[in-house]
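# Results of the structural survey
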Amino acid sequence: MAADLAQIPDVDIDSDGVFKYVLIRVHLAPPSGDPTTECKEIVRGYKWAEYHADIYDKVSGELQKNGYDCECLGGGRISHQSQNRKIHVYGYSMGYGRAQHSVSTEKIKAMYPDYEVTWADDGY
C-alpha cells in the first residue's frame, strides 16, 4: 500500500461563514509491530457539522479506508469572511477540547496567503 501523507490536503474548510473545525493528526498506519513517527496535522471545518465529532468521524473514516490512522487534537470555530479576505480561528470543542489554534492558523495562512488570518483562545 503506497499511502502518502503529502497527498492529503493540509486544509479543507468551507468557503464562507462561521463553522466548527477540528485539528487532526494523521499517521501512516504502520505494518504490524513496526512503529512509525511519520505524521502531519490537518484542518477540517464545515458548516454542515452540528458537532465537532461529526467532522472527525467523517474525515477519520475516509482516512482509515485509505490506510491512515488519526487522532483528534482538539477543535474550535472558524469565521471565514471570503469577501473581506479574513479568517478568524477561535473557541473550543466540548468533546475534544481546544485545538492548538496557532498550528491551525499557520496551516490556514499557507493555504490562504492573501488573507488576514487571526486566532484567539477566547470565545465559543
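Rules and cut-offs
- Residues numbered from 1 in each chain as written.
- Predicted model: local features only at pLDDT ≥ 70, side-chain atom pairs only at ≥ 80, totals over all residues.
- Heavy atoms only, no water.
- Core = buried A, V, L, I, M, F, W, Y, C linked by side-chain atoms within 4.5 Å.
- Buried < 20%, exposed > 50% of the residue type's maximum accessible area, 1.4 Å probe, protein only.
- Helix = DSSP H or I, 4+ residues; strand = E, 2+ residues; numbered from the N terminus.
- Contact = heavy atoms within 4.5 Å.
- Pairing = 2+ DSSP bridges.
- UniProt positions renumbered as here; feature names shortened; annotations may be inferred.

## A few points about the nonpolar core
Core analysis: the biggest nonpolar cluster contains 16 residues, and Ile8, Ile24, Val26, Ile42, Val59, Leu63 and Tyr68 have the highest contact counts within it. At the level of secondary structure, the elements contributing two or more residues to this core comprise strand S2 (17–28), strand S3 (39–46), helix H1 (52–65) and strand S4 (68–81). In contact with Ile24, not counting residues within four places along its chain, are Lys40, Glu41, Ile42, Tyr56, Val59, Cys70 and Glu71. One finds Val89, Ile108, Tyr112 and Val117 within the second-largest nonpolar core, a separate group that totals 14 residues.

## Considerations on the pairing of S2
It is a general feature of regular strands that their side chains alternate between the two faces of the sheet. Looking at chain direction, S2 and S4 are connected through twelve bridges and run antiparallel. The residue of S4 that forms the bridge with Ile24 is Cys72. Pairing between S2 and S3: eight bridges, direction antiparallel. Its bridge partner being in S3, Lys20 is matched across the sheet by Tyr46.

## Some remarks on the UniProt feature "active site" (unreviewed entry) in the protein chain
Under the present numbering, the feature "active site" (unreviewed entry) in UniProt falls on His52. Beyond its immediate chain neighbours, meaning those up to four positions away, His52 contacts Lys20, Tyr21, Val22, Gly75, Gly76, Tyr92, Ser93 and Tyr96.

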